[in-house]
2 protein chains.
Amino acid sequence: MGTGPTETRLGIIAAGGVLPRLVAEAARDAGLTPVIIAIADGLRQEWPGYCVVRLPWSKTGDVFSRLSEHGVSRVVFCGTISVRPDYRSMIPSLRTLRLMPELLRMVRGGDDSLLRAVAGLFERRGFEVVSVHSILRNVLTPLGTLTLQTPDKSDRLALQRASAAATEIGRLDIGQAVVASPDRIIAVEGIEGTRAMLERVGELRANGRIGRGEPCVLFKAFKPQQDERFDLPSIGTETIEQARAAGLRGIGLTPGRSLILEVGRVVDAADAKGLFVTGASAEEEGGAT
Amino acid sequence: MGTGPTETRLGIIAAGGVLPRLVAEAARDAGLTPVIIAIADGLRQEWPGYCVVRLPWSKTGDVFSRLSEHGVSRVVFCGTISVRPDYRSMIPSLRTLRLMPELLRMVRGGDDSLLRAVAGLFERRGFEVVSVHSILRNVLTPLGTLTLQTPDKSDRLALQRASAAATEIGRLDIGQAVVASPDRIIAVEGIEGTRAMLERVGELRANGRIGRGEPCVLFKAFKPQQDERFDLPSIGTETIEQARAAGLRGIGLTPGRSLILEVGRVVDAADAKGLFVTGASAEEEGGAT
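If you look chain A up in an unreviewed UniProt entry, it shows as Phosphatidate cytidylyltransferase from Aureimonas phyllosphaerae.

As structure tokens, then:
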């Protein structure tokens, strides 16, 4: 620790999934020195060759001093958090204890309010909070279709329906993802996440609740009120697998405000399965239903 | 068949669940003669002592002539339909074939648009379509709490949050039911139905995605735009069991526009489990969040 000028350090608050590693690699490629703060689902991950501090929830309050010790003044949040901290049932560190009133207020509310609150904690202590896509390039969904397969007329209707519903669901801070056919909404993402929702869609198809001829799509939408610096809707290669298993025709995402992780691999996987991946806004599709 | 004056006949278009039998019994008690048209999930049910015609989807088009043959001019729709007809894969009767363009248009769209379309088919042929609660008394949810357990302050916040979201979900013709805590939406009902959604909530609680101290409630809401004559949100004793298994504190329903089937048994079951059942509108709770 402590080599190189302070301003090239980047604190990566790293939860679960593949995203934190991609961000860390991109930071290095850009000449930055990543300091990984592993939390939540990210605690189990290995970080060979990286400077890493592991903080269980009970030590949440230590994050600011650890970052300062490492000379970090700029942070990025990334990765998934599936289980929220139950601060009532743990023995917190002294610093966590001092932070407790704020923490308890934070872990209430939807994802969006949680993340805003966390960013506020950092900013009030003088840290700069930057977005994933300011570090990781080529990750924002472009406008238009990326795959060989393109949405046909009924797919576009399904995308339009799903996009409009997902935007409303997001406005209510319920979730980001919806599965729809041209004619109806099939499933809405609550706290269970996209993977569990797609498994459910697969079951509904297997037991005949979705007709064989009913083309369905997944849409993941940017929440109208959300801070663009974190929790942008995202997909990766595993989403393609899950969408295929659910019998979907393809995936739509809000262009410019959602992430495709490892876009080359995602497009290859989608092409291999005959799925489309498209950046399609409700406006571009002709407005909400 | 054909005994008794025509005007006392009531056609009961009977899908699945306990509701059709309750309606049939109430009709008899009121001096009416029920003629049961068993469809969809209702095809498997026994109807000892009742005049019953079983119509698979392929014979949908025969329903009008069957009702006329039985001297029926007034009908009520009740029960659940879990699998929509796949008209493309069946050999329809001649009458169904003639109806096909209308049928294919009907089976598209959300539940609400499907039911409106079905009612329209009957009305254009001179049938009167009446509501379940015009036959079955004591079934509309009253305003206020029915159980020994009453919602406390945090339950009321959860009810308010769930009710506001369920109303929006209903406005989009997605579903009728939402599970929420005071602080966030947990699950939203798509086409999977309330039972499957509550099973999901139970799993989310079992694997720690819902905190032990996070009080959750189910709300089933009347859709703002829906026709009051059918598909009112409803609960029965099995909903109490499912809510209990999901670790919920209680259930809220739109007063005056939702059904509690066998209210005495439902209240007994809820009291035995320590759950509340309450008719609570968003307005009564102080408005949406």
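Chemist: It is not clear to me how the overall build of chain A should be interpreted in this structure. Could you clarify?
Modeler: From N to C terminus, chain A includes nine helices and 13 strands. For chain A, the C-alpha radius of gyration of 20 Å lies close to 19 Å, the compact-globule estimate for 289 residues. If you line up chain A on its principal axes, its C-alpha atoms span 60 × 40 × 30 Å. Taken across its 289 residues, chain A has 57% of its residues classed as buried.

Chemist: Explain the interface of chain A and chain B here, please?
Modeler: How big an interface is tends to be stated in terms of accessible area lost as the parts join. Between chain A and chain B, the residue contacts involve 30 residues of the former and 29 residues of the latter. The tally of links between chain A and chain B comes to two salt bridges. Of the charged contacts, one joins B:Glu192 and A:Arg200 as a salt bridge, the two residues approaching to 3.7 Å between their closest N and O atoms. There are four residue pairs in polar contact (both at pLDDT 80 or more) connecting chain A and chain B. Listing elements by their share of the side of chain A that touches chain B, those giving two or more residues are helix H6 (153-171), strand E8 (185-188) and helix H7 (193-206) of chain A. Considering each element in turn, the side of chain A that touches chain B owes the most residues, four residues, to E8(A).

Chemist: Mind showing me how you'd approach the UniProt feature "domain: LpxI C-terminal" (unreviewed entry) in chain A here?
Modeler: Per the UniProt record, the feature "domain: LpxI C-terminal" (unreviewed entry) sits at residues 144-277 of chain A. Secondary structure content for residues 144-277 of chain A is 40% helix and 18% strand, and the end C-alpha separation is 9 Å.

Chemist: Could you clarify how one ought to interpret the domain arrangement of chain A in this entry?
Modeler: All names here are of chain A. Domain boundaries in chain A define domain 1 (6-135) and domain 2 (144-279). With centres defined by C-alpha atoms, the gap from domain 1 to domain 2 works out at 28 Å. Between domain 1 and domain 2, the contact holds 17 residues from the first and 13 residues from the second. Regarding the contact of domain 1 and domain 2, the summed buried area is about 1,300 Å², with carbon and sulfur atoms giving 61% of it. The interface formed by domain 1 and domain 2 contains one salt bridge. The salt bridge partner of Glu123 is Arg229, with a shortest N-O separation of 2.6 Å. The tally of links between domain 1 and domain 2 comes to two residue pairs in polar contact (both at pLDDT 80 or more). Residue assignment for the side of domain 1 that touches domain 2 shows that the elements contributing at least two residues are helix H1 (19-29), helix H4 (111-124), strand E5 (128-130) and helix H5 (132-135).

Chemist: Would you mind going over the pattern of salt bridges with me for this structure?
Modeler: Two side chains with opposite charge may pair up if their charged atoms get near one another. A full pass over the atoms with the stated rule returns 28 salt bridges over all chains. Of the charged contacts in the structure, one is a salt bridge between A:Glu168 and A:Arg171, with a shortest N-O distance of 3.3 Å. Placement of both A:Glu168 and A:Arg171 in helix H6 is noted, with a separation of three residues, approximately one turn of the helix. Residue A:Glu168 is classed as partly exposed on the basis of its relative accessible area of 26%. On the accessibility criterion, A:Arg171 (47% relative accessible area) is partly exposed. Bridged by salt links that share partners, the residues A:Glu192, A:Arg200, B:Glu192 and B:Arg200 form one connected network.

Chemist: Looking at this model, I keep getting lost on the sheet that holds strand E8 (residues 185-188) of chain B. Mind explaining?
Modeler: Strands belonging to one sheet form pairs held by backbone hydrogen bonds; the direction of such a pair is parallel or antiparallel. Residues and elements named next belong to chain B. A sheet is described by the order of its strands in space; here six strands give the open sequence E6-E13-E11-E9-E7-E8, paired in mixed fashion. Looking at strand neighbours, the two that pair on one side only are strand E6 (144-145) and E8, the edges of this open sheet. Relative to strand E13 (residues 276-279), E6 runs antiparallel, the two sharing two bridges. In the sheet register, Thr145 faces E13, and the bridge partner there is Thr278.

Chemist: Help me understand the nonpolar core, please; the structure alone is not making it clear to me.
Modeler: Nonpolar side chains in soluble globular proteins tend to end up buried together. Counting 32 residues, the largest nonpolar core has A:Val178 and B:Val178 as the members making the most contacts within it. Taken together, the elements giving at least two residues each to this core come down to H6, strand E7 (177-180), E8 and strand E9 (217-220) of chain A together with helix H6 (153-171), strand E7 (177-180), E8 and strand E9 (217-220) of chain B. Dropping the residues within four chain positions of it, B:Val178 is found in contact with B:Ala162, B:Ala165, B:Ala166, B:Ile169, B:Ile185, B:Ala187, B:Val188, B:Met197, B:Val217, B:Leu218 and B:Phe219.

Chemist: Even after reading the chapter, I still don't get the pairing of strand E11 (residues 250-253) of chain A, so can you show me in this structure?
Modeler: Looking along a regular strand, one sees side chains alternate from face to face of the sheet. Residue and element names in this part refer to chain A. Every second residue of E11 is oriented toward a common face, with Gly250 and Gly252 on one face and Ile251 and Leu253 on the other, all of them buried. With four bridges joining them, E9 and E11 adopt parallel strand pairing. Note on E11: the bridge partner recorded for Lys220 is Leu253. Sheet topology places E11 next to strand E13 (residues 276-279); four bridges connect them, and they run parallel. In the strand pairing of E13, Gly250 is matched with Phe276.

Chemist: Sorry, what's going on with the packing of aromatic side chains here?
Modeler: Centre distance and the angle of the planes are the two values used to describe a pair of aromatic rings. All names here are of chain B. A full pass over the atoms with the stated rule returns ten aromatic pairs over all chains. Centroid distance Trp47 to Tyr50: 5.5 Å. Interplanar angle 85°. Geometry classified as edge-to-face. Residue class for Trp47 comes out buried when judged on its relative accessible area of 5%. Judged by centre distance (5.2 Å) and plane angle (90°), the rings of Phe77 and Phe122 are edge-to-face.

Chemist: What's the story with the environment of B:Cys51 in this structure? I'm lost.
Modeler: All names here are of chain B. Looking at the secondary structure, you find Cys51 in strand E3 (residues 51-54). The partly exposed category is assigned to Cys51, whose relative accessible area is 25%. Expressed as a C-alpha distance, the spacing of Cys51 and Pro34, which sit 17 residues apart in the sequence, is 7.2 Å. If we ignore the near neighbours within four places in the chain, the residues touching Cys51 are Pro34, Val35, Ile36 and His70.

Criteria and thresholds
- Residues numbered from 1 in each chain as written.
- Chains lettered and ligands numbered in written order.
- Predicted model: local features only at pLDDT ≥ 70, side-chain atom pairs only at ≥ 80, totals over all residues.
- Heavy atoms only, no water.
- Helix = DSSP H or I, 4+ residues; strand = E, 2+ residues; numbered from the N terminus.
- Rg over C-alpha atoms; globule rule 2.2 N^0.38 Å.
- Buried < 20%, exposed > 50% of the residue type's maximum accessible area, 1.4 Å probe, protein only.
- Contact = heavy atoms within 4.5 Å.
- Salt bridge = Lys/Arg side-chain N within 4 Å of Asp/Glu carboxyl O.
- Polar contact = N/O pair within 3.5 Å; in protein donor to acceptor, adjacent residues only side chain to side chain.
- UniProt positions renumbered as here; feature names shortened; annotations may be inferred.
- Domains from an automatic or database assignment.
- Buried area = accessible area lost by both parts, 1.4 Å probe.
- Pairing = 2+ DSSP bridges.
- Core = buried A, V, L, I, M, F, W, Y, C linked by side-chain atoms within 4.5 Å.
- Phe/Tyr/Trp six-rings, centres within 6.5 Å; stacked < 30°, edge-to-face > 60°.

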